[in-house]
Amino acid sequence: MEDVPDPDVVFLGQSLVEVLNGRINGSDKSSVEYFGKVKNYFESHFGGTGQGVDSDVKAIAMGLTGDSTSNVLWRLLHGELPDDFDPPIWWLVLGMEDLGRYGCSEEITVMGVLRIVEEIKTKRPNAKIVVNSLLPMIKMRMSAADNEKEFVDAERDHGKGPHPRGQKKGHGGKDALRNTQKHDNGPKHIRRMLKDQKDGAGDDDGGGFNGHISGENAVSIAKIKEEKKKEKLVKKYEKEVQKDKFNPQLKDVKTFKKKGRHFENRIPMWSAVHEINKELHKFCKRTPHVTFFDTTSIFTTEGSGGGKILLTDMISPRGHPTVKGFKAWMDVMQKQVGEWKKKMEHAEEMHKGDPSSWTMGNWSYYNNRDDDAINFYPTDEHDHEE
């Protein structure tokens, strides 16, 4: 899928976009069931292979796990916007890493997304830009995101922990994950040096170690320490996943809670997601050629008290879609891109005799009503007055 000629749409983003290719941080993980299924769905939906809702839609996915919006901007400025690369639609899936992994504020997250929109509009003035809403989430993501374990919360059954369907906790799911974390702690002499260093040994004991560590061994020791630190983070993350609740309610908190004598200064995750989406929606409503595409209703349902309930068979509390969730999301995206593509082809056909007379801004399908396909954020009549 990375070498699709003349794509109709490019998905630009972070970890969720890279997963569409069955990859994590540049490594192919398609042999793992979860990643393999997501990749297969993406290829069937956007490979132009004759399958799916609009079978002739072609796309490429440009994403990298752990990237912030500033990293994505760097990629655009250093090779991902070559002169001969000009897909008509740019679909942005951004902001979730900034908020959910790095703890950026709502303002910084919004500014990061808008800066990328600005860069694409400057370099590709006739492109259609779609800003996908941040997916619903209520928990922080894993900080050490360099392998497939981050998505273990999306592989579990109904939010009850990372164990396979029909398998009890402690009898395979959790234990199997623990077994995959075992690794060689390094050569025996390095392990011995670490022990001696901890014990304060400084004299030659006849074994060849006199308290001095060579540069090569120091690098090995640093690597082992880093791996151990990462292993602790993964174990902590898995414990948190085990506590995930089934279909939790999304609470939109407007005020800070008092904790002891002080007020908590951290806005709950869903409230932050909600505020960011509202600001992105306002921006898109008043910006030509830019559409806000809200996918909140794919992953949530209405609660009894008027709030939203997160559907954990569709998405994890950290905003990682399940295979079912990815498919539902791709169904909607493919249908929308297919509709835009047909309108573009019709416009091009009408102006075939004089292509210079046609620009994307001339046509009604850029009137910013396209996001009504899925719309949790209602249009505010006062948005245009700000």
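For the structure itself, consult the block above.
Keep in mind that this is a model prediction, so the values were computed, not measured.

A. View of the overall build of the protein chain. Scanning the protein chain for helices and strands turns up 12 helices and 12 strands. Per-residue burial over the protein chain gives 47% buried out of 386 residues. Total accessible area computed for the protein chain in this model is approximately 19,700 Å², and 50% of it derives from carbon and sulfur atoms.

B. Here's a closer look at the nonpolar core. Counting 73 residues, the largest nonpolar core has Trp90 and Trp91 as the members making the most contacts within it. In this structure Trp91 touches Val9, Val10, Phe11, Leu12, Val130, Asn132, Phe293, Met333, Gln336, Val337 and Trp340, once residues within four positions along its chain are discounted. Grouped together as the second largest cluster of nonpolar side chains are 5 residues, Met142, Val152, Val234 and Tyr237 included.

C. Structural detail: unusual backbone geometry. One non-glycine residue with positive phi stands out, namely Asn247, at about 45°. Structurally, the position occupied by Asn247 is in the loop between α9 (215-242) and β7 (249-250). When its relative accessible area of 25% is taken as the criterion, Asn247 is described as partly exposed. Of note in this structure, His289 is not a glycine but carries a positive phi near 70°. Residue position: His289 is located in the loop between α10 (269-285) and β10 (290-293).

D. Here's a closer look at the packing of aromatic side chains. Scanning the entire structure with this criterion turns up 13 aromatic pairs. Residues Phe326 and Trp329 carry aromatic rings whose centres are separated by 6.0 Å and whose planes lie at 25° to one another, so their mutual orientation is stacked. Highlighted residues: Phe326 and Trp329, both in helix α12 (residues 323-350), separated by 3 residues, approximately one helical turn. What makes Phe326 buried here is its relative accessible area of 0%. Given the relative accessible area of 3%, Trp329 is considered buried. Each residue in the set Phe11, Phe42, Phe46, Trp91, Phe293 and Trp340 is aromatic and connected to the rest through ring pairs, giving one cluster.

E. Quick look at the sheet that holds strand β12 (residues 308-310). Sheet architecture is open: 3 strands sit in the order β7-β12-β11, paired in antiparallel fashion. Taken across any chain shown, the strands that pair with only one partner, and hence form the sheet edges, are β7 and β11 (300-302). In this structure, β7 lies alongside β12, joined through 2 bridges in antiparallel fashion. Within the sheet, the bridge partner assigned to Gln249 lies in β12 and is Ile309.

F. Region of the structure containing the environment of Pro82. Looking at the secondary structure, you find Pro82 in the loop between α3 (69-77) and β5 (89-93). Linking Pro82 and Lys123, residues 41 residues apart in sequence, is a C-alpha distance of 9.7 Å.

G. The sheet that holds strand β1 (residues 9-13), seen in detail. Here we have 5 strands laid out as an open sheet, ordered β4-β1-β5-β6-β10, and parallel in their pairing. In this open sheet, the two edge strands, each paired with only one partner strand, are β4 (59-63) and β10. Within the sheet, the average angular offset between the axes of one strand and its neighbour, ignoring direction, is 20°. Across 4 bridges, the pairing between strand β6 (residues 128-132) and β10 is parallel.

H. Structural context of the pattern of salt bridges. Going through the model one piece at a time under the given rule, you end up with 23 salt bridges. The shortest N-O distance in the salt bridge between Asp8 and Lys341 comes to 3.2 Å. Separated by 333 residues along the polypeptide, Asp8 in the segment before β1 and Lys341 in helix α12 bring together distant segments of the chain. Looking at Asp8, the relative accessible area reads 11%, which means it is buried. The partner of Lys282 in a salt bridge is Glu279, and the shortest N-O contact between them spans 3.7 Å. Linking Lys282 with Glu279, this pair stays in helix α10, spanning 3 residues, or about one helical turn. Residues joined by salt bridges that share partners form a network here, namely Glu97, Arg101, Arg141 and Glu150.

I. The arrangement of the environment of Lys327 in detail. Locating Lys327 in the fold gives a position in helix α12. Judged by its relative accessible area of 31%, Lys327 is partly exposed. In this structure the C-alpha to C-alpha distance between Lys327 and Tyr41, which are 286 residues apart in sequence, comes to 6.5 Å. If we skip the residues at most four places from it in the chain, Lys327 touches Tyr41 and His45.

J. Seen up close, the pairing of β5. Among the 5 residues in β5, 5 count as buried, and that is most of the element. Residues Ile89, Trp91 and Val93 line one face of β5 and the alternating positions Trp90 and Leu92 line the opposite face, and both faces are buried. Direction of pairing for β1 relative to β5: parallel, over a ladder of 5 bridges. Of the residues in β5, the one forming a bridge with Leu12 is Leu92. Pairing analysis gives 4 bridges linking β5 to β6, with the strands arranged parallel.

K. Seen up close, α3. Turning to α3, its buried residues number three or more, namely Thr69, Val72, Leu73, Arg75 and Leu76. Along the long axis of α3, the arc covered by the buried residues comes to 155°, so they all point the same way. Tucked inside the fold, the buried residues of α3 contact β1, β4, β5, α4 (96-100) and α5 (106-123). Trailing α3 by a residue or two, Gly79 shows a phi angle of about 125°, which is positive.

Conventions and cut-offs
- Within any chain, residue numbers begin from 1 and follow the written order of that chain's sequence.
- Whole-chain, interface and lining totals are the exception, using all residues; otherwise, since this is a predicted model, local features are given only for residues with pLDDT of at least 70 and side-chain atom pairs are given and counted only at 80 or more.
- Calculated side-chain values reflect all of the structure's heavy atoms, with hydrogen atoms and water omitted.
- Segments assigned H or I by DSSP are reported as helices when at least four residues long, segments assigned E as strands when at least two residues long, and all are numbered from the N terminus.
- Buried means the residue's accessible area, taken with a 1.4 Å probe over protein chains only, is under 20% of the maximum for its type, while exposed means over 50%, and partly exposed covers the values in between.
- Residue exposure ignores everything except the shown protein chains as possible cover, and the areas themselves are Shrake-Rupley values with a 1.4 Å probe.
- Remark: nonpolar core denotes a set of buried residues (Ala, Val, Leu, Ile, Met, Phe, Trp, Tyr, Cys) joined through side-chain atoms within 4.5 Å.
- Here, residues are in contact when the closest pair of their heavy atoms is within 4.5 Å.
- Two aromatic rings from Phe, Tyr or Trp, using only the six-membered ring of Trp, form a pair when their centres are within 6.5 Å; if the ring planes differ by under 30 degrees the pair is stacked, by over 60 it is edge-to-face, and anything between is tilted.
- Two strands pair under a simple rule: DSSP has to find at least two bridges between them.
- Note on method: axes are straight lines fitted to C-alpha atoms, helices fitted across the in-contact stretch only, with angles between N-to-C directions ranging 0 to 180 degrees.
- Any carboxyl oxygen of Asp or Glu within 4 Å of a side-chain nitrogen of Lys or Arg constitutes a salt bridge here.
- Here the arc refers to the directions that run from the helix axis out to each C-beta atom.

Geometric values such as these leave the question of function open.
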